[in-house]
Amino acid sequence: MQIQGKNAKEIQESIRFLISQGVYQEGDTLPNIRELAKHLNVNRNTISTAYTALAKLGVIQTNKRLGTQVSYSKSRGGEGSQNNINPELIDIAHGNPNRDLLPNLQSLNFQSARMGLYGEEIYDEQLKKYAETNIFSDLMSIHSDARLALSYGAIDGIERILSAYLLAQDHVAIENPGFINSIKILENNHFQIHSIRVNHAGFNLEDIENALNKNVKALIITPRAHNPTGYSLNESEATAIKNILSHYPNTLVLIDDHFSLISNAEYHHIIPETTKNWAVLRSVSKYLGPDLRFCFICCDPYTSLLLEKKMNSGTTWVSHLLQNIVYQLLTTEKFEQHLEQVKQYYSDKNNIFVNLMHENKLQCAMQFDGLNVWLELDTPQYYAKALREKGWLVRTGEDFFVDNTQFGLRITLSDLTDQDIEQLVNDLAEMIEKLG
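An account of the accompanying structure is given in this report. (Residues numbered from 1 in each chain as written. Predicted model: local features only at pLDDT ≥ 70, side-chain atom pairs only at ≥ 80, totals over all residues. Heavy atoms only, no water.)

1. Considerations on the pairing of strand S11 (residues 295-299)
By the criterion of burial, S11 is predominantly enclosed, with 5 of the 5 residues buried. Here S11 shows two buried faces, one formed by Cys295, Ile297 and Cys299 and the other by Phe296 and Cys298. Across 5 bridges, strand S4 (residues 147-151) lies against S11 in antiparallel orientation. When the sheet's bridge partners are listed, alanine 149 is paired in S11 with isoleucine 297. Here 5 bridges tie strand S10 (residues 278-283) to S11, and the two strands are oriented antiparallel to one another. When the sheet's bridge partners are listed, alanine 279 is paired in S11 with cysteine 299. (Buried < 20%, exposed > 50% of the residue type's maximum accessible area, 1.4 Å probe, protein only. Helix = DSSP H or I, 4+ residues; strand = E, 2+ residues; numbered from the N terminus. Pairing = 2+ DSSP bridges.)

2. Some words on unusual backbone geometry
With an omega of 5°, the peptide bond running from asparagine 176 to proline 177 counts as cis. Structurally, proline 177 is set in the loop between strand S5 (171-176) and helix H7 (180-188). Even without glycine at this site, asparagine 215 takes up a positive phi of about 60°. Assignment of secondary structure puts asparagine 215 in the loop between helix H8 (205-213) and strand S8 (218-221). Under the relative-accessibility criterion, asparagine 215 is labelled exposed at 58%. Not every positive phi belongs to a glycine, and lysine 334 is a case in point at roughly 65°.

3. Some details on the pattern of salt bridges
Throughout the structure, instances matching the rule amount to 11 salt bridges. A salt bridge links lysine 9 to glutamate 13, with the shortest nitrogen-to-oxygen separation between them at 3.7 Å. Here the residue lysine 9 and the residue glutamate 13 both occupy positions in helix H1 (residues 8-20), the gap between them amounting to 4 residues, near one helical turn. Judged by its relative accessible area of 52%, lysine 9 falls in the exposed class. The partner of lysine 349 in a salt bridge is aspartate 418, with the nearest N and O atoms 3.0 Å apart. Linking lysine 349 in helix H12 (residues 335-359) with aspartate 418 in helix H14 (residues 418-435), this pair joins segments that are 69 residues apart in sequence. Three or more residues are tied together by salt bridges with common partners; here these are Asp138, Arg224, Asp257 and Arg282. (Salt bridge = Lys/Arg side-chain N within 4 Å of Asp/Glu carboxyl O.)

4. Side note on the sheet that holds strand S14 (residues 395-396)
The antiparallel open sheet is built from 3 strands, whose spatial order is S12-S15-S14. With one partner strand each, in any of the chains shown, strand S12 (372-375) and S14 form the two edges of the open sheet. Of the strands in this sheet, S12 and strand S15 (409-412) are in contact with H12, which crosses S12 at around 25°. (Contact = heavy atoms within 4.5 Å. Axes fitted to C-alpha atoms, helices over the stretch in contact; angles between N-to-C directions.)

5. A word on the sheet that holds S10
Taken in spatial order, the 8 strands make up an open sheet running S4-S11-S10-S9-S8-S5-S6-S7, and their pairing is mixed. The sheet is open, and its two borders are formed by S4 and strand S7 (202-203), each paired with just one other strand. Contacts from H7 reach S5, strand S6 (192-199), S8 and strand S9 (252-256), with the element oriented near 155° to S5. Sitting on the sheet, H8 is in contact with S5, S6, S7 and S8, with an inclination near 165° to S6.

6. Here we look at the nonpolar core
Of all hydrophobic cores here, the largest spans 85 residues; its most connected members are Leu162, Ile270, Phe294 and Phe296. In this structure, phenylalanine 296 is in contact with Leu127, Ala131, Ile135, Phe136, Ala149, Leu150, Val280, Leu281, Arg282, Val284, Val326 and Leu330, ignoring residues within four places of it in sequence. Core analysis: the second largest hydrophobic core is formed by 30 residues, Ala365, Val373, Ala384 and Leu387 among them. (Core = buried A, V, L, I, M, F, W, Y, C linked by side-chain atoms within 4.5 Å.)

7. A few points about the side chain of asparagine 98
Turning to its location among the elements, asparagine 98 is positioned in the loop between strand S3 (90-91) and helix H4 (125-135). For asparagine 98, a relative accessible area of 9% gives the class buried. In this structure the side chain of asparagine 98 is engaged in a polar contact, spanning 2.8 Å, whose partner is the backbone nitrogen of aspartate 100. Those residues in contact with asparagine 98 that sit more than four places away from it in its chain are Tyr345, Tyr346, Ser414 and Asp415. (Polar contact = N/O pair within 3.5 Å; in protein donor to acceptor, adjacent residues only side chain to side chain.)

8. Details of empty space enclosed by the protein
Applying the stated criterion across every chain yields a total of 1 cavity of 30 Å³ or more. Computed from the structure, the largest cavity encloses a volume of approximately 50 Å³. What lines the largest cavity is Ala225, His226, Asn227, Gly230, His258, Lys286, Asp369, Gly370, Leu371 and Asn372. Looking at the lining of the largest cavity, its residues break down into 2 nonpolar, 6 polar and 2 charged. (1 Å grid on protein atoms, 1.4 Å probe; cavity = no way out; pocket = protein on both sides within 12 Å on 5 of 7 lines; lining within 4 Å. Points joined across faces, edges and corners; volume = space filled by probe spheres on them. Nonpolar A, V, L, I, M, F, W, Y, C, P; charged D, E, K, R; others polar.)

Encoded structure:
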C-alpha cells in the first residue's frame, strides 16, 4: 500500500490509514514533500498542507536531520504503574495513601441510595450543599458567583475542562516536575506544553510570566502538597502569582488542590477577580481512596455550564450511587476527628524523615506536605539501583518531568513504620557517602 490522494484532506487520511494498518510505524520516515508531490502528481503546497495538519494532530513530527517521521507514542508511566514488583522489596514508589487510614465501607447504608436515570438532576442536592458549606466554604466567600461541579477524579475534571476550552496544539503551562497523569493529559491531547520549574524553594515566577507572555491558553498549578516535590505555596508567593495573573484575564486557571482536607499547609488563593474562567479541584482520593474516582470542582458560572453540558450529553454524569457513597462517608460520626488523625499521621511521617536526614547532615528540604518526599539528586538511577539492592523500590524523577529529565527521587512514606524510615535514611546516608 502507498500514500494516495489528490488533495490535502485525502492525502492526510491516506497517511493516517496507513499508520493504523502498520504500514508506517513509530519512527518511520515519510517521503519528503518533493518526492511525494511528484509521485502523486500534485503541487508541493498540497503535501505541505497535509503534513502540517498531521503534525498539529501529533501524528507526525519533523526532524531536521531525519526528515518527517511518524510520532512515537509517549511511554510515560502513570501513577501507581510499577510493574512486576518483587514482593521482597518494600514499595516506596506507589504514591498511594495508607490503606488502613481509608474509611470502612461496611458502615454504608445502601438502602438510602437511589438509582439515577437519564434526564434527572445530575448532582445530589445533599452532597452539593455539603460541598458548598464544607469543601469550598473558603472559595464561596471569595467568589460570590462560584458554582459547584463534580467529576470522576481530578484528572477527569481537568481533562473535561481543557477539552471544553482548548484544541490540539493550544499552549498550556504546567509544573515541571509535576503530577504524571496531568502531564499525560497534555501529551495525549497534543497540547503544546510550557514548563514551570518548581522545587523545595517554590515556583519559578519568571517561568509563569514567560508562559503567560507567550499566550498560553491555560495554566495548571498544585498549591499544596505538590506532587512530587511536597511543596506548598506560601502567602507571599501566592500573592505574587495572583498579581501576575491579574494581567492575563483570558487565561484559564486550573488549581489541583488534591490534598485539601488533610493538608498541613494553609490554602492561598491565586485566582484574581479579573480571571474570567477558572476551577479549583479537590478530589477525595487521599482521604476516602483513589478507587472512588471522585472530585469536587468549584468554578466560574461559564465553566460550570460547560461541564454540565458534558455531563448531560449522555451517560457521563457522575454516578448517583457514587455521590451517595461519598456523602455518607463525609457525614459519618467523628469524620472530622478522623481527618485530623490522618493529617497528623502523614505530617509525622514527613517530619521523622526530614529530622533524620538533617541529623545525618544529608541535603533535604526543611518540610514536606502530602504523601511523598522529594530528594534532588543528580544521579537518581544510581540511587534507585542501590536502594533496590537494599530492598527498596523507589521511583526516579524521569516520569515527573515534561522533558523526561532524570533528576531526583520521589519517595512515598505512607506505609512505612518509624523504624522503616530510620533504616531508609541510614541506607541513603551510606550510599551518599560511598558516592562521595
